[in-house]
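Here is how the chains run, residue by residue.
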Amino acid sequence: MVDIGTIETVPPAEVADVELYHAKSWITKYVFCQDAKVIAIQYAMTAIGVGVLALVLSWMIRLQLAFPGVFSFITPESYYQFVTMHGMIMVIYLLTALFLGGFGNYLIPLMVGARDMVFPYVNMLSYWVYLLAVLILLASYFVPGGPTGAGWTLYPPQAILAGTPGQDGGIILMLASLILFIIGFTMGGLNYIVTVLQGRTRGMTMMRLPLTVWGIFTATVLALLAFPALFVACVMMLLDRTLGTSFFMPSLVQAGEHLNYSGGSPILFQHLFWFFGHPEVYIVALPAFGIVSDLISTHARKNIFGYRMMVWAIVIIAVLSFIVWGHHMYISGMDPYFGFFFATSTLIIAVPTAIKVYNWTLTLWRGDIHLTVPMLFALGFLVTFVNGGITGLFLGNVIVDVPLSATMFVVAHFHMVMGIAPILVVFGGIYHWFPKITGRMMNERLGQLHFWITFLGAYMIYFPMHYLGFIGVPRRYYELGETAFVPPSAATLNIFITVAALVVGAAQIVFFFNLIWSLFKGKPSGPNPWNAASLEWQTPETPPGHGNWGKELPVVYRWAYDYSVPGADKDFIPQNEPPARKASLALR
Amino acid sequence: MNITFLFLGVLAAVAIWWLYQQRITAKPWLETGAILDHGAPSLPAAKVGLGVLLAVIGMLFALFFSAYVTRTSVPEPNVVDLTPLPAPKLLWLNTGALIFSSGALQWAQIAARRGRLEGTTMGLLAGGALTFLFLAGQLIAWRQMVAAGYFLTTSPASSFFYLIIGVHGLHLLGGLVALTRTTGKALGGYPMRELRLSVELCTIYWHFLLLVWLVFFSLLLLSGPVVLDKGIVSLICSFF
């Protein structure tokens, strides 16, 4: 160890009471609240609520694929609406909102030692604009024609032309909802960034931040720079749809009639969409990387291996994620040299990602691994992310991607890498921080049951799906019909996948039951049930009170990963514990 | 996407400089003890927040400009009309109004730093009035384009013209809300200590939107001559 601080312990800083927001009524305490912890729970509940809807939509998709023609309510139009809404809700309204709005709001102030976000009012507005965006999205079910069925990528020209479900009002509401989501997110994102930059307590240098904060911080930077591309695309398409401009619309003949569009470029939309779309993968993945680092370190009772390299890898991944978007467009007719560039940059991004995987594995190596529920989910993530990542290497190569593009292989790949893997981290994070949020433990047995059904079930869904893709089963098809190259066994496999999907979806009831039951009947957790070293576990009250830290802000003396330190009394040393030698000197 | 990557490059340079300040080569596992300087900027949080917001707004406009340049410069088959627009000469006058508006706010900021309330108030009022003049001028420019037969849907180039001017104007209108509040504080006799930061934030925001406008105006000039003029406005514009 290298001592770099002062000889004596540092007196804590006091913050003037007037700087804090104080709720004056029930409404301002629980509804229009400016406390980041309440906003986090609001974000999480809304995101999970709308996520359950997306889960049910995925059941509908699976029922159609396994039993085509059996369910009369699943028409070709409604099938595409299910697919579109499922994808958009899961990626934007669930995962982005939950990781950044949910985990970000709860953890950033606590982990950096701040009392709250720096702009609490704007933070509150962020949630309400997000909720409005969600409501507008859901309103599309109640307009003539229903929600859009253009696919989650909303590619023009078909997205706004007659013949695509939801062409009347659905697409307009979808675009309006996305625009609002981005405005709301920008308000929240400003808070996350500035709180990390300005709100850190004394001693909390950037290189002492837990990797969770690094992940959320970097993902927020990414989101703030990538979402404008989606914003621009949505605004322009909204004008194309409502006012008849032709930003993305070329000259078209529909049913023998010349449409009024001319001169627009559908490819321009694809560029804008994927300039946002690929960083979006890392907007979801980077917080997951950060959270899983903290889960593994805490539950393996070992310091994170290669902390510095982990930070650098997060930053490098973020930078590289802006120059790989073209790999989503290999079949758009791009110049082969362009394809070569994007294939190369895509493969390069595997390097920092692999560094992270190795470091997680090396953290586990000879660790005192506690197979708690959060640890199970963290390990599940590790395996799933590697599997999903490896198929990403396949698809990153132009020559492999072209035949596999638009097949179920792609569906299997992205669900593994940015669906299942981050969701496992979400669950792991909830099991891990639930005791801090509520003061109670979640039921261990139910948690294990939930993990094993979800983890094994996910593999039963997505492993066979890779095979379907290999034999050429296309994605986005309402019905395969009599297709020469698809053997009958593919239909059997589809039924198997659907049964697994229904079971995995239903198993989430175990999680929700556990969540609600533990809230009232769970075993009291105490302030730090996992014996974790990071700052959020050192609050004077559990759940943390208003202002997080009582009268005195904590002072940080070390990084967040002092586990199993040789010679230490306990197997963890909290970040705010002064160095032992210095503490004794100070007492003299 | 050149403009977007140029902008991202500038942001990356700032990020690298900032990361360098944060001792990212430190080995935290070897360091225990209090570090009193934790690397947080000494700037007020509001100013840092504005900086982040401007990065986001800058990215938004960089993407609009990239899309505009892409659509107006790349010839494609079956594309009806991508010819550059004959932008109204009035835009020169509007540009002047925005430059003076930005200058007036700079003046207000200097006065605020020196503790001169009267000068600050005058600067804020002048800045606001000139901004209104700019926005009114932009609306007239739109009408001139309509009168000349360039409608929103005429071609992608004309659509971009209306869209980008509209989005820029909306950002200025948002800024005017903040400027009105700041001017209200100045007129209400708020302590100069509290006023100074608000004035500074408004000034930075205005300078930034001026820069955005100058970039777009330059793109318009580079892609086509400013020739359209009508009536009295053309008389005024003939001086430029």
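Reading the values: rules and limits
- Residues numbered from 1 in each chain as written.
- Chains lettered and ligands numbered in written order.
- Predicted model: local features only at pLDDT ≥ 70, side-chain atom pairs only at ≥ 80, totals over all residues.
- Helix = DSSP H or I, 4+ residues; strand = E, 2+ residues; numbered from the N terminus.
- Buried ≥ 20, exposed ≤ 12 C-beta atoms within 10 Å, placed from the backbone.
- Contact = placed C-beta atoms within 7 Å.
- Axes fitted to C-alpha atoms, helices over the stretch in contact; angles between N-to-C directions.
- Parallel < 35°, antiparallel > 145°, perpendicular 65-115°, else oblique.
- Left-handed = near helix turned anticlockwise from the far one by under 90°.
- Nonpolar A, V, L, I, M, F, W, Y, C, P; charged D, E, K, R; others polar.
- Core = buried A, V, L, I, M, F, W, Y, C linked by C-beta atoms within 7 Å.

**Q** What should I look at first to understand the environment of Glu280 of chain A in this one?
**A** Residue and element names in this part refer to chain A. Structurally, the position occupied by Glu280 is in helix H7 (residues 266-299). The exposure class of Glu280 is buried, given the 26 C-beta atoms found within 10 Å. When the C-alpha positions of Glu280 and Trp537 are compared, they lie 30 Å apart, and in sequence the two are 257 residues distant. What Glu280 contacts, discounting residues up to four positions off in sequence, is Val91 and Ala226.

**Q** I keep staring at the packing of helix H6 (residues 211-242) of chain A against helix H8 (residues 307-320) of chain A and nothing clicks. Help me out?
**A** All names here are of chain A. Viewed as axis vectors pointing N to C, H6 and H8 meet at an angle of 15°, and their least axial separation amounts to 10 Å. Relative to H8, the element H6 is oriented roughly parallel. H8 is crossed by H6, and the crossing has right-handed handedness. Together, Leu211, Trp214, Gly215, Thr218, Val221 and Leu222 of H6 and Met310, Val311, Ile314, Val315 and Ala318 of H8 make up the contact between the two elements. Taken together, the residues of the contact of H6 with H8 break down into nine nonpolar, two polar and no charged.

**Q** Is there a simple way to think about the nonpolar core in this case?
**A** Soluble, globular proteins show a tendency: their nonpolar side chains are buried together. If you look at the biggest cluster of nonpolar residues, it comprises 253 residues, and the most contacted ones within it are Leu98, Val232 and Leu272 of chain A. Those residues in contact with Leu272 of chain A that sit more than four places away from it in its chain are Ala229, Val232 and Ala233 of chain A together with Leu63 and Ala67 of chain B.

**Q** Could you clarify how one ought to interpret the environment of Tyr557 of chain A in this entry?
**A** Residues and elements named next belong to chain A. With respect to the helices and strands, the residue Tyr557 is situated in the loop between helix H14 (488-521) and helix H15 (580-587). The exposure class assigned to Tyr557 is buried, which follows from the 29 C-beta atoms found within 10 Å. Considered as a pair, Tyr557 and Ala36 are 521 residues apart in the sequence and their alpha carbons are 25 Å apart.

**Q** When you look at the interface of chain A and chain B in this model, what are you seeing that I'm missing?
**A** In many reports, interface size means the accessible area that the parts give up when they come together. Taken residue by residue, the interface counts 55 residues in chain A and 45 residues in chain B. Within the residue set of the side of chain A that touches chain B, elements represented by two or more residues are strand S1 (2-3), helix H5 (170-198), H6, H7 and H8 of chain A. Of all the elements, H6 of chain A adds the most residues to the side of chain A that touches chain B, at seven residues. Taken together, the residues that form the side of chain A that touches chain B break down as 33 nonpolar, 15 polar and seven charged.

**Q** I'm lost on unusual backbone geometry in this one. Help?
**A** With glycine set apart, most residues show a phi of negative sign, and most peptide bonds adopt trans. Residue and element names in this part refer to chain A. The step from Pro156 to Pro157 runs through a cis peptide bond, and the omega angle for that step is 5°. Looking at where Pro157 falls in the secondary structure, it is placed in the loop between helix H4 (120-139) and H5. Following Thr542, the chain continues to Pro543 via a peptide bond in cis, the omega torsion being -5°. For Pro543, the position within the fold is in the loop between H14 and H15. Look at Leu154: it is not a glycine, yet its phi comes out positive at around 55°. With respect to the helices, strands and loops of the structure, Leu154 is situated in the loop between H4 and H5. One non-glycine residue, Arg301, lies in positive phi territory at about 50°. Looking at where Arg301 falls in the secondary structure, it is placed in the loop between H7 and H8.

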